[in-house]
Amino acid sequence: MRQLFYKSGLIIVILTMVSVLFGLCGIAVIRQKNIYKPIPGMSSDYVIFYPKNGQPSDCRYYSEILRQIGDYQMKGIKLQGGCAVDLGKSDYEGIKLRQGRLFSPDEYDAGSNVVLVREDMLKLCRQENNQTWLHIYNTDYMVVGVYSKGNINDKRSNKYLVNLYAEGILDQAGGSYGFCDNGVESIAAFRAVSENGKMIYNKAENETAKLNQNMQSTVNGAIAMYLSVSIIVLLNIFSAIYIWLRGRRKEIVLRKLAGAEIWQIFWWVVREFMIFVLGTFVLGVAVIKIFLIFLARWEFSASMITIFGTEMEWMGILLALMAIFIIGFAIISVVVSRYLHKEIIQLVRQE
């Protein structure tokens, strides 16, 4: 009994560890497929565009094109440290203001040098005449609002949001790409612009290489980590399931002696395996949830936040569970088939 207890305890630990690693890998896979959104609250159908070779790439050129787009929820230019934006008809649910306000229509029309800053950027601002100012692109911008820092460890996270038509950025900064969001009508909204013949434009989901260009080293490192971890995980899960099946061999012998059909024995083993795996998988998901809570609260690793995020991706968890079931089913099919094709006397001797 003691040996069986130790074996069972070891199997629970191994399968829980396997569930955690598979779950994190599943979350990472789903996150890499998620479409990056420059501004929270944007739809997944937004369009990005950038100049063809030989065309200007300064913010003035982008801004003039974006002014022509009349149907939009929000539009803007992705800058090195943030975005230049016109929030237009957006309901603003994605931008969580801590204080202040958003840009006004008058500020858009006048090209005012106004900015929203991420709350952790306030320490880089200066106070003058009871007003907060941020110095970027060789110009002072008046801070009119402060928003939640969100996921600051994502290298693409915006430190600030500048008025899209601010005079200070038009000749000072080059944008990496422009974007326009009008839901499913985004392509149609941009196609109506007269200058679009000089631009490359596409749905964001088809331009993930452009959107993730600042994350390639992190992603490549994650892939290398997954390959090494996968080898260890596969060895553990094969051994764990095999040990679990050996512990069921006596029951297989007794059921075979009692005259049970092969399919009945096989279904009984599969059902027991599914119950056992679900129990350990729930433990693994609990460990993942605790890990993500710690990651969100203390942000102890920028690369882990980039790869795994701070929220549960339930599609990734489901993907991990399916992978464990498929591997387990394959091992059970091979091992149980070997047991069932042996004579009863051989199985009894082995016991």
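Placed above this text is the structure.
Here the structure is a predicted model, which means the values were calculated and not measured.

Caption draft 1: Layout of the overall build of the protein chain. Each helix and strand in the protein chain was counted, giving 12 helices and 11 strands. Considering the protein chain as a whole, with its 351 residues, one finds that 45% of them fall into the buried category. Counting only contacts in the protein chain whose residues sit at least 6 apart along the sequence, the fraction spanning at least 24 positions is 76%. When the accessible surface of the protein chain is summed, it comes to about 18300 Å², and 57% of that surface belongs to carbon and sulfur atoms.

Caption draft 2: Representation of the packing of aromatic side chains within the structure. All chains considered together, the criterion is met by seven aromatic pairs. Residues Tyr 108 and Tyr 165 carry aromatic rings whose centres are separated by 6.0 Å and whose planes lie at 80° to one another, so their mutual orientation is edge-to-face. Taken together, the positions of Tyr 108 in helix 3 (residues 105-110) and Tyr 165 in the loop between strand 9 (160-163) and helix 4 (167-170) put the pair 57 residues apart, joining distant regions of the chain. When the ring of Phe 190 is compared with that of Tyr 201, the centres are 4.9 Å apart and the planes differ by 55°; the resulting orientation is tilted. Here Phe 190 is found in helix 5 (residues 186-191), whereas its partner Tyr 201 is found in strand 11 (residues 199-203), with 11 residues between them in sequence. Ring pairs connect the aromatic residues Phe 49, Tyr 62, Phe 190 and Tyr 201, which therefore count as one cluster. Between Lys 75 and the ring centre of Tyr 72, over which it is positioned, the NZ or CZ distance is 4.0 Å.

Caption draft 3: Spatial organisation of the pairing of strand 9. Inspection of the sheet shows strand 3 (residues 83-86) paired to strand 9 by three bridges, in the parallel sense. Across the sheet, Cys 83 pairs through a bridge with Leu 161, a residue of strand 9. Where strand 5 (residues 114-118) lies against strand 9, three bridges are found, and the strand directions are antiparallel. Along strand 9, the bridge assignment pairs Val 115 with Val 162.

Caption draft 4: Looking closely at the environment of Tyr 108. For Tyr 108, a relative accessible area of 11% corresponds to the buried category. Linking Tyr 108 and Ala 166, residues 58 residues apart in sequence, is a C-alpha distance of 7.5 Å. Dropping the residues within four chain positions of it, Tyr 108 is found in contact with Arg 67, Val 85, Asp 86, Leu 87, Gly 88, Phe 103, Asn 163 and Tyr 165.

Caption draft 5: Layout of the pattern of salt bridges. Applying the stated rule across the entire model yields seven salt bridges. Among the salt bridges present, the one from Glu 128 reaches Arg 126, with a minimum N-O distance of 3.2 Å. On the basis of relative accessibility, which here comes to 37%, the residue Glu 128 falls in the partly exposed class. For Glu 205, the salt bridge goes to Lys 203, with nearest N and O atoms at 3.6 Å. Connected via shared salt-bridge partners are Asp 45, Lys 203 and Glu 205.

Caption draft 6: Spotlight on the side chain of Asp 181. Tracing the backbone shows Asp 181 in strand 10 (residues 177-181). For the buried Asp 181, which has no salt bridge, the nearest side chain bearing the opposite charge is Lys 37, at an N-O separation of 7.7 Å. Polar side-chain contacts of Asp 181 include one of 2.6 Å to the side chain of Ser 43. Within the structure, Asp 181 has its side chain in polar contact with the backbone nitrogen of Gly 183 (distance 3.1 Å). With sequence-adjacent residues up to four places away left out, Asp 181 is seen in contact with Met 42, Ser 43, Tyr 46, Tyr 72, Gln 73, Met 74 and Ser 186.

Caption draft 7: Representation of helix 2 (residues 59-67) within the structure. Where helix 2 is concerned, the buried positions are Cys 59, Tyr 61, Tyr 62, Ser 63, Ile 65 and Leu 66. At its buried positions, helix 2 is contacted by strand 1 (47-51), strand 2 (74-78), helix 4, strand 10, helix 5 and strand 11. Residue Asp 58 occupies the N-cap position of helix 2, its side-chain oxygen lying 3.0 Å from the main-chain nitrogen of Arg 60.

Caption draft 8: Seen up close, a nonpolar patch on the surface. Side chains of Met 315, Leu 318, Met 322 and Ile 326 sit close together on the surface and give an oily, nonpolar patch of about 420 Å² of accessible area. Relative to the elements of secondary structure, Leu 318 occurs in helix 11 (residues 314-340). You can call Leu 318 partly exposed: its relative accessible area is 42%.

So, how was this worked out
- Residues numbered from 1 in each chain as written.
- Predicted model: local features only at pLDDT ≥ 70, side-chain atom pairs only at ≥ 80, totals over all residues.
- Heavy atoms only, no water.
- Helix = DSSP H or I, 4+ residues; strand = E, 2+ residues; numbered from the N terminus.
- Buried < 20%, exposed > 50% of the residue type's maximum accessible area, 1.4 Å probe, protein only.
- Contact = heavy atoms within 4.5 Å.
- Areas by Shrake-Rupley, 256 points an atom, 1.4 Å probe, with all protein chains shown as cover.
- Phe/Tyr/Trp six-rings, centres within 6.5 Å; stacked < 30°, edge-to-face > 60°.
- Lys NZ or Arg CZ within 6 Å of the ring centre and 35° of its normal.
- Pairing = 2+ DSSP bridges.
- Salt bridge = Lys/Arg side-chain N within 4 Å of Asp/Glu carboxyl O.
- Lys, Arg positive; Asp, Glu negative; His and termini not counted.
- Polar contact = N/O pair within 3.5 Å; in protein donor to acceptor, adjacent residues only side chain to side chain.
- Patch = residues over 30% accessible without salt bridge, like charges linked within 9 Å, V, L, I, M, F, W, Y side chains within 5 Å.

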